[in-house]
Amino acid sequence: MTLDDLLFRHRWWTYSPRSATWVERATHGFNLFEGCAWTAFAALVLARWARHRRSRVEPVYALAFLTFGLTDFREAYALDSWLIAAKLVNLIVLYALRRYVVRNCYPESRVY
């Protein structure tokens, strides 16, 4: 296995309902729940933007939450190296967008 394969092409695990252990079933269920939670966060950000419209960045922020949720739905069935890399990039983008939105659009907010 080359480093390229390990970093971008390797499949770490696949969910198979017929042969799944209780840990794999729990991981599968948690990833589905987490995907729903990130999708709900995206909806909450869009709802806040619809009410206040303080920044054009908020729809992008909501989209970042949605894409992070979609990666969790994918992770519930298969975990690949490229998915881990995509989740890391998405997480960095989410952090940067959150920092911008909280500091510049809602500085009075106490929810961090």
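Residues numbered from 1 in each chain as written. Predicted model: local features only at pLDDT ≥ 70, side-chain atom pairs only at ≥ 80, totals over all residues. Heavy atoms only, no water.

## Brief notes about the overall build of the protein chain
Test applied: Counting from the N terminus, the helices are DSSP H or I runs at least four residues long and the strands are E runs at least two residues long. The atom set for the radius of gyration is the C-alpha atoms, and the globule formula is 2.2 Å times the number of residues raised to the power 0.38. Buried means the residue's accessible area, taken with a 1.4 Å probe over protein chains only, is under 20% of the maximum for its type, while exposed means over 50%, and partly exposed covers the values in between. Contact between two residues is taken to exist if any of their heavy atoms lie within 4.5 Å; hydrogens are not considered. By the counting scheme adopted, Arg and Lys are positive, Glu and Asp are negative, and His together with the chain ends is not counted. Charge positions are represented by NZ for Lys, CZ for Arg, CG for Asp and CD for Glu.
Within the protein chain one finds four helices and two strands. Tracing the protein chain from N to C terminus, the helices and strands come up as α-β-α-α-β-α. Rg of the C-alpha trace for the protein chain: 17 Å, well past the compact-globule value of 13 Å for 112 residues, more than 25% over. Each principal axis of the C-alpha atoms in the protein chain carries an extent, and together these give about 50 × 30 × 20 Å. Here the protein chain holds 112 residues, and the buried ones make up 31% of them. Sequence separation of 24 or more characterises 67% of the internal contacts of the protein chain that already satisfy a separation of 6 or more. Positive and negative side-chain charges in the protein chain, numbering 15 and 9 respectively, have mean positions lying 10 Å apart.

## Notes on the nonpolar core
To keep things clear, this is the line we draw: Side-chain atoms within 4.5 Å are what join buried Ala, Val, Leu, Ile, Met, Phe, Trp, Tyr and Cys residues into a set we call a nonpolar core.
Val 45, Tyr 61, Phe 65, Leu 94 and Val 101 are the most contacted members of the largest nonpolar core, which has 13 residues in total. Of all elements in the fold, only α2 (22–52), α3 (58–75) and α4 (81–104) reach the threshold of two or more residues within this core. Those residues within four positions of Phe 65 in sequence are excluded, and the remaining contacts are Trp 38, Phe 41, Ala 42, Val 45 and Leu 94. The next biggest cluster of nonpolar side chains, apart from the first, holds five residues, and it includes Trp 13, Tyr 15, Ala 20 and Leu 83.

## So, α2
Basically, it comes down to this: An expected span of 1.5 Å times one less than the residue number is assigned to each helix.
Taking 1.5 Å of rise per residue, 31 residues should cover 45 Å, and α2 covers 45 Å from first to last C-alpha, within 8% of that figure. Along α2, the residues classified as buried are His 28, Asn 31, Glu 34, Gly 35, Trp 38, Ala 42 and Val 45. Along its buried surface, α2 packs onto α3. Positive phi appears at Arg 53, one or two residues downstream of α2, with a value of about 45°.

## Some thoughts on the packing of α2 against α3
Put simply, the test is: For helices, the fitted line uses only the C-alpha atoms of the stretch in contact; every axis is such a line through C-alpha atoms, and the angle between N-to-C directions lies from 0 to 180 degrees. Working definition: roughly parallel below 35 degrees, roughly antiparallel above 145 degrees, roughly perpendicular at 65 to 115 degrees, and oblique for all remaining angles.
Running from N to C, α2 and α3 cross one another at 170°; their axes reach a closest spacing of 7 Å. Taken together, the axis directions place α2 and α3 in an arrangement best described as roughly antiparallel.

## Some points on the confidence of the model for the protein chain
Heads up, the condition is: Scored between 0 and 100, pLDDT is the confidence that the predictor attaches to each residue.
Residue-level pLDDT values for the protein chain average 91, and 97% of them are 70 or greater. Across the protein chain, α3 holds the top mean pLDDT of 96, while helix α1 (residues 3–9) sits lowest at 76.

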